[in-house]
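Here is what each chain is made of, one letter per residue.
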Amino acid sequence: MDPDARARRLTEVFDLVGPLYHKVFRKVEQETPVDGVSVGVRAVLDLLDRHGPLTVPRMSRAQALSRQFVQRMVNDAVARGFAESRPNPAHRRSPLIALTPAGAQAVAAVTAHERTLLRQVDGDLTHEDVDACLKVLGRMLDLFADVDMEGPVPLAPPRGRVEGDRP
């Protein structure tokens, strides 16, 4: 596929991914089987479940989210008894965050609920279809691997105005 056609088609993917992401997680959050597991807390619990104890900066990089946001989600998870802070032998000021047994139960319940919802996807999707989707999304993610998630985001001028115009 030529680069211009590929860019147009990948724009269609972006147009679907954002709304899909927000709607799926909003639905899961509204119907969560465990009280207090927001989308952000769920993401933290899932990372800890899959990878074991991690630091907040490591979770931040893995999720492409700001450290401040991840820290708030970790604080919420700890306050609810789903995670705990442990000393980090590799770095005194960056503790390891670990899943508690209650956190493991919570993430298992939420994941089971998500899979129940996703079983309802209609159609004749094949393993190859899903593999192709994962390949495309992975390539798109690779393109933005160098994006700084911590730095300031420049504000765009309001629509219809050019930067430097007076209100």
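Use the structure listed above.
Quick caveat: nothing in here was measured; it's all calculated off a predicted structure.

Topic: the side chain of Ser94
Along the chain, Ser94 falls in the loop between strand E1 (83-86) and strand E2 (96-99). For Ser94, a relative accessible area of 13% puts it in the buried group. Look past the residues within four positions of Ser94 in its chain and what remains in contact with it is Thr55, Pro57 and Asn88.

Some remarks on the environment of Asp35
Within the element layout of this structure, Asp35 appears in the loop between helix H1 (3-30) and helix H2 (39-51). By relative accessible area, Asp35 is classed as exposed at 70%. Asp35 sits 71 residues away from Ala106 along the chain, and the two C-alpha atoms are 8.9 Å apart.

Describing a negative patch on the surface
There is a patch of like negative charges on the surface, built from Asp124, Glu128, Asp129 and Asp131. Mapped onto the fold, Asp129 is located in helix H6 (residues 127-143).

Examining the side chain of His113
Looking at where His113 falls in the secondary structure, it is placed in helix H5 (residues 101-118). Here His113 is in contact with Glu31 and Pro33, once residues within four sequence places are set aside.

A closer look at a nonpolar patch on the surface
Side chains of Leu118, Val121, Leu125, Val130 and Leu134 sit close together on the surface and give an oily, nonpolar patch of about 490 Å² of accessible area. Inspection of the secondary structure puts Val130 in helix H6.

Quick look at the nonpolar core
In terms of nonpolar packing, the biggest core is built from 22 residues, with Val44, Leu45, Leu48, Met59, Val74, Phe82 and Ile97 touching the most fellow members. Elements with a minimum of two residues in this core: H2, helix H3 (56-63), helix H4 (67-79), E2 and H5. When residues of this core are assigned to their parent elements, the largest contribution, five residues, is made by H2. Filtering out sequence-adjacent residues up to four positions away, Ile97 remains in contact with Leu48, Gly52, Pro53, Leu54, Val56, Met59, Val74, Ala83, Glu84 and Ser85.

As for H1
Helix length check: H1, at 28 residues, gives a terminal C-alpha distance of 40 Å against a target of 40 Å (1.5 Å per residue), a fit within 8%. Here H1 starts with a cap whose side-chain oxygen sits 3.0 Å from the backbone nitrogen of Asp4, and that cap is Asp2.

Observations concerning the packing of H2 against H4
Between H2 and H4, whose axes approach to 9 Å, the crossing angle comes to 85 degrees. Here H4 runs roughly perpendicular to H2, going by the angle between their axes. Across the interface between the two elements, Gly40, Val41, Val44 and Leu45 of H2 pack against Phe69, Val70, Met73, Val74, Asp76 and Ala77 of H4. Considered class by class, the residues forming the contact of H2 with H4 number eight nonpolar, one polar and one charged.

Observations regarding the packing of H3 against H4
Relative to each other, H3 and H4 sit at 115 degrees, their axes nearing to 9 Å. By the angle between their axes, H3 is roughly perpendicular relative to H4. As H3 packs across H4, the resulting crossing turns out to be right-handed. Where H3 abuts H4, its residues Val56, Pro57, Met59 and Ser60 lie against Arg67, Val70, Gln71 and Val74.

Rules used throughout
- Residues numbered from 1 in each chain as written.
- Predicted model: local features only at pLDDT ≥ 70, side-chain atom pairs only at ≥ 80, totals over all residues.
- Heavy atoms only, no water.
- Helix = DSSP H or I, 4+ residues; strand = E, 2+ residues; numbered from the N terminus.
- Buried < 20%, exposed > 50% of the residue type's maximum accessible area, 1.4 Å probe, protein only.
- Contact = heavy atoms within 4.5 Å.
- Patch = residues over 30% accessible without salt bridge, like charges linked within 9 Å, V, L, I, M, F, W, Y side chains within 5 Å.
- Areas by Shrake-Rupley, 256 points an atom, 1.4 Å probe, with all protein chains shown as cover.
- Salt bridge = Lys/Arg side-chain N within 4 Å of Asp/Glu carboxyl O.
- Lys, Arg positive; Asp, Glu negative; His and termini not counted.
- Charge placed at Lys NZ, Arg CZ, Asp CG, Glu CD.
- Core = buried A, V, L, I, M, F, W, Y, C linked by side-chain atoms within 4.5 Å.
- Expected span 1.5 Å × (residues − 1).
- Polar contact = N/O pair within 3.5 Å; in protein donor to acceptor, adjacent residues only side chain to side chain.
- Axes fitted to C-alpha atoms, helices over the stretch in contact; angles between N-to-C directions.
- Parallel < 35°, antiparallel > 145°, perpendicular 65-115°, else oblique.
- Nonpolar A, V, L, I, M, F, W, Y, C, P; charged D, E, K, R; others polar.
- Left-handed = near helix turned anticlockwise from the far one by under 90°.

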